[in-house]
Structures are given as structure tokens and as C-alpha cells.
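The chain contents come next:
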Amino acid sequence: MESKRRKSSLSMSSGDNERDFDIRVTFPFAMILFLSLLNTDSFGRIMVGRLIFITVLSSVLLLWATVLERVRYERRSEMIKASPSMIPVGKALLFLGNHLSKLDDYVSVSPKLKLYLLKLKQMEERNQMETYEYDTLHVIQSVTKLLGTRTAISFFHLTLGVFNPLIVSSLVAVSWVFDDPTVRIYFLHKTEEEPDLPRPFDIESSPAYMLNNYKELGRRISKRLSKLKQH
């Protein structure tokens, strides 16, 4: 299935047979090249890098909190053909629900959580979800992914002393967050009739998306080099 990731205004294409190429995938490499020219061992620069990292992370988390609040406020009840297992965090919650009886032997589980897990199981069986439930799981998944990757980056920075990932990850976070469908619907107030906004969202994973763009970039470079050799 063709990815429905929104094309950036920074995308460029040349020639009728060229695929769309998103120039943002080159940002991390450009930033790494720029940082390699600086003395990143300087204590002052390291502290500035940490400040940028924390500020961007806090801002993006605040954005997600705003989106989640609007999801809950609007509480859209339209039914869509989707299941919780389509979202990784939903799949994890379903797994937890299936082993709830074993979990009860060790810890006390909140009745509200039990009810929610049962509701998720019913939605999975019917393959139908309310828009509100789907969007909530999508936002939770996005925040979980954000915190997971930034925690790993922080660990590598503090244990190995690597500096560049702090800045590069901040740039990537800002570059891509406004592509998310829920951010566009609830924060940017885009209409849901746009081609890539109907639920369930069809979003190509970030690694796959970037890899496809790198392949396209390599293909274009090879094509240009071949033309130069011919001349």
C-alpha cells in the first residue's frame, strides 16, 4: 500500500519519472557535518546542546498534551473500521488484558483499568472503534515512541559522552511532529477530508520513509554522475 505521509513543502521533484523526495531526511546529516566543525568538547557548548534538547522535548510534549486534551474535549463518537491491535500500544494493552487474571495474583489492578481493557478487547473482536478511542491510542503511541527514543539518546549521551544526537534528535522532532495526522487535525485544524487524514491513518514508519528517500537520493546522484560522464 502506498504511503500517505504528507508531502512537505520542502519536497522536491525533478522530471516526470522522478519520485517525490523529502529534503528533510538530509537535515540530520547536514547538522552532523556542521557540528563536526565545532568544538563540541567545550563544556559551554555541551550545556547549550542539553538546553536545546530539553527545551525541544518539553515543547513537543506540551504540543502532544494539547492534542490529547483536544481529543478528549471533542470526544468524537463516529465509528471507524479499525482495531486496537493496529497500534503497537493498543496491541500491548490487549496483551495485558489477556493476562489480567495472572496479573491480579501479584498486584491490585484498578477497576477502571479492567473495564478499559475489556472494552479494548470488545473493540478488537468487532473490528470497530470510536474515533475518540482510536485517536487517543494514536497519541499515546506517539508520546511513548518520543519518550523511548529520547531516553535512549539521553542514556548514550550521559554514559558515552556523545553530543551530536542531542541536537540531531531535536531537529528531527521539530521537523516531523507537524506531519502527524492527529496534530494536523486537532492542533492545526486541518480538514479530515484531506487524502491522508481519514482513519485509520496509513503512516509509513519513519525508518522506512527515510530509507526510501535515501535510496531516491542515491538514484538521483548516480543519474547526474552518469550524465556528467557522458558529456
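Predicted model, so just to flag it, every value in this text is computed and none were measured.

Enquirer: Could you give an account of the pattern of salt bridges, naming the residues involved and the relevant values?
Expert: A complete count under the given rule lists three salt bridges for this structure. In this structure, Glu133 and Lys119 form a salt bridge, with 2.8 Å as the shortest nitrogen-oxygen distance. Pair noted here: Glu133 is in helix 6 (residues 131-160) and Lys119 is in helix 5 (residues 111-126), with a separation of 14 residues, a long-range link. By relative accessible area, which is 5% here, Glu133 ends up buried. Asp135 is the partner of Arg199 in a salt bridge, and the nearest nitrogen-oxygen pair spans 2.7 Å. Placement of Arg199 in the loop between helix 8 (181-186) and helix 9 (206-230) and of Asp135 in helix 6 is noted, with a sequence separation of 64 residues between them. A residue is classified by how much of its surface remains accessible, and Arg199, at 14% relative accessible area, is buried.

Enquirer: Go over a nonpolar patch on the surface, please, and point to the residues and values.
Expert: On the surface, a nonpolar cluster with roughly 400 Å² of combined accessible area is contributed by Phe155, Phe156, Leu160 and Val162. Structurally, Val162 can be placed in the loop between helix 6 and helix 7 (164-176). Residue classification places Val162 among the partly exposed positions, given a relative accessible area of 32%.

Enquirer: How would you sum up the side chain of Asp135? Please name residues and give values.
Expert: Here Asp135 falls in the buried class, since its relative accessible area comes to 0%. A distance of 2.5 Å separates a polar atom in the side chain of Asp135 from a polar atom in the side chain of Tyr186. For Asp135, the contacting residues outside a window of four places in its chain are Val71, Thr182, Tyr186, Arg199 and Phe201.

Enquirer: Pulling in residues and values, what's your account of helix 6?
Expert: Here helix 6 is 30 residues long and its end C-alpha atoms lie 43 Å apart, about the 44 Å a rise of 1.5 Å per residue gives. Looking one or two residues past helix 6, Gly161 carries a phi angle of roughly 80°, positive in sign.

Enquirer: Explain the packing of helix 2 (residues 43-74) against helix 7 to me, using residue names and the numbers behind them.
Expert: Taken N-terminus to C-terminus, the directions of helix 2 and helix 7 make an angle of 25°; their axes are 9 Å apart at the nearest point. Accordingly, the angle class assigned to the pair helix 2 and helix 7 is roughly parallel. As helix 2 packs across helix 7, the resulting crossing turns out to be left-handed. Counting all contacts with helix 2, which are made through Gly49, Arg50, Ile52, Phe53, Val56 and Val60, the residues of helix 7 involved are Leu166, Ile167, Ser169, Ser170, Ala173 and Val174. Along the lines of polarity and charge, the residues of the contact of helix 2 with helix 7 split into eight nonpolar, three polar and one charged.

Enquirer: Kindly report on the nonpolar core, identifying the contributing residues and their values.
Expert: Membership of the largest hydrophobic core comes to 37 residues, with the highest contact counts inside it found for Val60, Trp64, Val67, Met129 and Tyr134. When contributions to this core are tallied by element, the ones reaching two or more residues are helix 2, helix 3 (88-98), helix 5, helix 6, helix 7 and helix 8. At 10 residues, the largest contribution of residues to this core is made by helix 2. With near-sequence residues (within four places) excluded, Tyr134 lies in contact with Ile80, Ala82, Ile87, Met129, Arg199, Pro200 and Phe201.

Enquirer: Just give me the short version of helix 2, but keep the residues and values in it.
Expert: End to end, helix 2 covers 47 Å across 32 residues, agreeing with the expected 46 Å (1.5 Å per residue, within 8%). Among the residues of helix 2, Ile46, Gly49, Phe53, Val56, Leu57, Val60, Leu63, Trp64, Val67, Leu68 and Val71 are the ones counted as buried. Along its buried surface, helix 2 packs onto helix 6, helix 7 and helix 8. Two residues or fewer after helix 2 comes Arg75, characterised by a positive phi angle close to 40°.

Enquirer: An account of the environment of Glu74 is needed here, citing residue identities and associated values.
Expert: Along the chain, the position of Glu74 falls in helix 2. Note on Glu74: relative accessible area 35%, which makes it partly exposed. Separated by 58 residues in sequence, Glu74 and Tyr132 place their C-alpha atoms 8.1 Å apart. Side chain to side chain, Glu74 and Arg76 meet in a polar contact 2.6 Å long.

About the criteria used
- Residues numbered from 1 in each chain as written.
- Predicted model: local features only at pLDDT ≥ 70, side-chain atom pairs only at ≥ 80, totals over all residues.
- Heavy atoms only, no water.
- Salt bridge = Lys/Arg side-chain N within 4 Å of Asp/Glu carboxyl O.
- Helix = DSSP H or I, 4+ residues; strand = E, 2+ residues; numbered from the N terminus.
- Buried < 20%, exposed > 50% of the residue type's maximum accessible area, 1.4 Å probe, protein only.
- Patch = residues over 30% accessible without salt bridge, like charges linked within 9 Å, V, L, I, M, F, W, Y side chains within 5 Å.
- Areas by Shrake-Rupley, 256 points an atom, 1.4 Å probe, with all protein chains shown as cover.
- Polar contact = N/O pair within 3.5 Å; in protein donor to acceptor, adjacent residues only side chain to side chain.
- Contact = heavy atoms within 4.5 Å.
- Expected span 1.5 Å × (residues − 1).
- Axes fitted to C-alpha atoms, helices over the stretch in contact; angles between N-to-C directions.
- Parallel < 35°, antiparallel > 145°, perpendicular 65-115°, else oblique.
- Left-handed = near helix turned anticlockwise from the far one by under 90°.
- Nonpolar A, V, L, I, M, F, W, Y, C, P; charged D, E, K, R; others polar.
- Core = buried A, V, L, I, M, F, W, Y, C linked by side-chain atoms within 4.5 Å.

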